[in-house]
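# Coordinate inspection notes
So you can see what is in the structure, the chains are spelled out below.
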Amino acid sequence: MSTAAAEGPADDGTAARARGLTKAYGAGETAVLALDSVDVDIARGRFTAVMGPSGSGKSTLMHCLAGLDTVSAGQIWLGGTEITGLRERELTRLRRDRIGFMFQSFNLIPTLNAAENITLPMDIAGRKPDEKWLDQVIDTLGLRDRLKHRPAQLSGGQQQRVACARALASRPELIFADEPTGNLDSRAGLEVLGFLREAVDQLGQTVVMVTHDPGAAAHSDLVLFLADGRIVDRMEDPTADAVLERMKRFDVGRGSSGPEED
Ligand SMILES: Nc1ncnc2c1ncn2[C@@H]1O[C@H](COP(=O)(O)OP(=O)(O)OP(=O)(O)O)[C@@H](O)[C@H]1O
Ligand SMILES: [Mg+2]
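Residues numbered from 1 in each chain as written. Chains lettered and ligands numbered in written order. Predicted model: local features only at pLDDT ≥ 70, side-chain atom pairs only at ≥ 80, totals over all residues. Heavy atoms only, no water.

### Quick look at the pairing of strand S1 (residues 14-25)
- Both S1 and strand S2 (residues 32-43) contribute to a ladder of eight bridges, which runs antiparallel. Along S2, the bridge assignment pairs Ala18 with Val40.
- The hairpin formed by S1 and S2 contains six residues between the paired strands, and Gly26 there has a positive phi angle of roughly 75°.
- When S1 meets strand S4 (residues 73-78), the two strands line up antiparallel, connected through five bridges. By the bridge assignment for S4, Arg19 is matched with Gln75. (Pairing = 2+ DSSP bridges. Helix = DSSP H or I, 4+ residues; strand = E, 2+ residues; numbered from the N terminus.)

Below, the structure is given as structure tokens:
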């Protein structure tokens, strides 16, 4: 792609990359450093989980990587394209074409029914959904008999599933999911996790998911642990027990990354 920055990485299997990613909110005494010079590589075709205490910067990291928020310093690439410095129009197009986002709040449009919410990003982009894929998404998420309902007529879990379907509908290369199972009962949660896992294994999509649940993180290939705006640890092939043990260490020095090497 001709827009790749001179220093940008070649297409080396990295779906998203950040270097020196820093995000501060506010200024002066009330300033909050949400991300503190984060370096991260998100491997293509893998399922990465992001964990860490509340306020550690997980959502901020996702929003920045997805080009939904500006950075204070540092650089971000999606594939070979540097997005820091892209103009809003180019960024919007890139987001629409390549990224699906499941937010912590569902961000559904109240006046549109479930079906319309699901296809809204594609409608805006003027793209036709792949009907077969769309059917599979809708059936897997159990939304077939709720398609004509507006968000206010749906349960919290159903709204989450609509948001999930919306993120998956256009088959984006890269899916960012911020606590996608947070409002679901365990069965629906497992279905969503299974769906994300399948998107990676069967379709080669890349998933980055924030979660507080060690059981959910165990569905991923790699867990990144955030504390105070920094990546402080990583765990390959996580199990729920190993993740739980690691999470406990955050509580030791509340707000810090826990004990140093032991
Ligand atoms: N718009 C904002 N204005 C000011 N501060 C913000 C803003 N958004 C986030 N912050 C601060 O940045 C830090 C990181 O917030 P972030 O939402 O990324 O945390 P999180 O890890 O996602 O937490 P949670 O698990 O509670 O969702 C927090 O201290 C938060 O208060
Ligand atoms: Mg958050």
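So, next bit.
### Structural notes on the nonpolar core
- Judged by nonpolar contacts, the single largest core of 34 residues is most densely connected at Ile118 and Met209.
- Going through the elements one at a time, helix H3 (114-125), helix H4 (131-140), helix H5 (156-169), strand S7 (174-178), helix H6 (186-201) and strand S8 (206-210) are the ones with two or more residues in this core.
- With seven residues, the single largest contributor to this core is H5.
- Excluding residues within four positions of it along the chain, Met209 makes contact with Phe47, Thr48, Ala49, Val50, Met62, Ala177, Pro180, Leu193, Leu196, Ala216 and Ala217.
- Listed in part, the 30 residues of the second largest apolar core include Ala15, Leu21, Ile42 and Leu86. (Core = buried A, V, L, I, M, F, W, Y, C linked by side-chain atoms within 4.5 Å. Buried < 20%, exposed > 50% of the residue type's maximum accessible area, 1.4 Å probe, protein only. Contact = heavy atoms within 4.5 Å.)

### Let's talk about the layout of surface pockets
- When its volume is computed, the largest pocket comes out at roughly 540 Å³.
- Lining the largest pocket we find 22 residues, and of these Arg96, Ile99, Phe103, Pro121 and Arg166 sit closest to its centre.
- Taken together, the elements giving at least two residues each to the lining of the largest pocket come down to helix H2 (88-98), strand S6 (99-102), H3 and H5.
- Within the lining of the largest pocket, the residues separate by chemical class into 14 nonpolar, four polar and four charged. (1 Å grid on protein atoms, 1.4 Å probe; cavity = no way out; pocket = protein on both sides within 12 Å on 5 of 7 lines; lining within 4 Å. Points joined across faces, edges and corners; volume = space filled by probe spheres on them. Nonpolar A, V, L, I, M, F, W, Y, C, P; charged D, E, K, R; others polar.)

### Re the confidence of the model for the chain
- Of the residues in the chain, 92% reach a pLDDT of 70 or more, and the chain-wide mean stands at 88.
- Considering each helix and strand of the chain separately, the mean pLDDT is smallest for H6, with a value of 86, and largest for strand S3 (residues 47-51), with 98.
- This stretch, residues 1-8, has a pLDDT under 50; its non-local contacts, to residues over four places away or in other chains, come to nine contacts. (pLDDT = per-residue confidence, 0-100.)

### A word on the packing of aromatic side chains
- Scanning the entire structure with this criterion turns up four aromatic pairs.
- Arranged with centres 6.3 Å apart and planes meeting at 40°, the rings of Trp133 and Phe195 form a pair that is tilted. A residue pair is termed long-range when its members are at least 10 positions apart, and Trp133 in helix H4 and Phe195 in helix H6 qualify at 62 residues.
- What links up through ring pairs into an aromatic cluster is the set Phe101, Phe103 and Phe176.
- We note Arg246 situated over the ring of Phe225; from NZ or CZ to the ring centre the distance is 5.6 Å.
- The ring of Phe250 is capped by Arg246, whose NZ or CZ atom sits 4.7 Å from the centre of that ring. (Phe/Tyr/Trp six-rings, centres within 6.5 Å; stacked < 30°, edge-to-face > 60°. Lys NZ or Arg CZ within 6 Å of the ring centre and 35° of its normal.)

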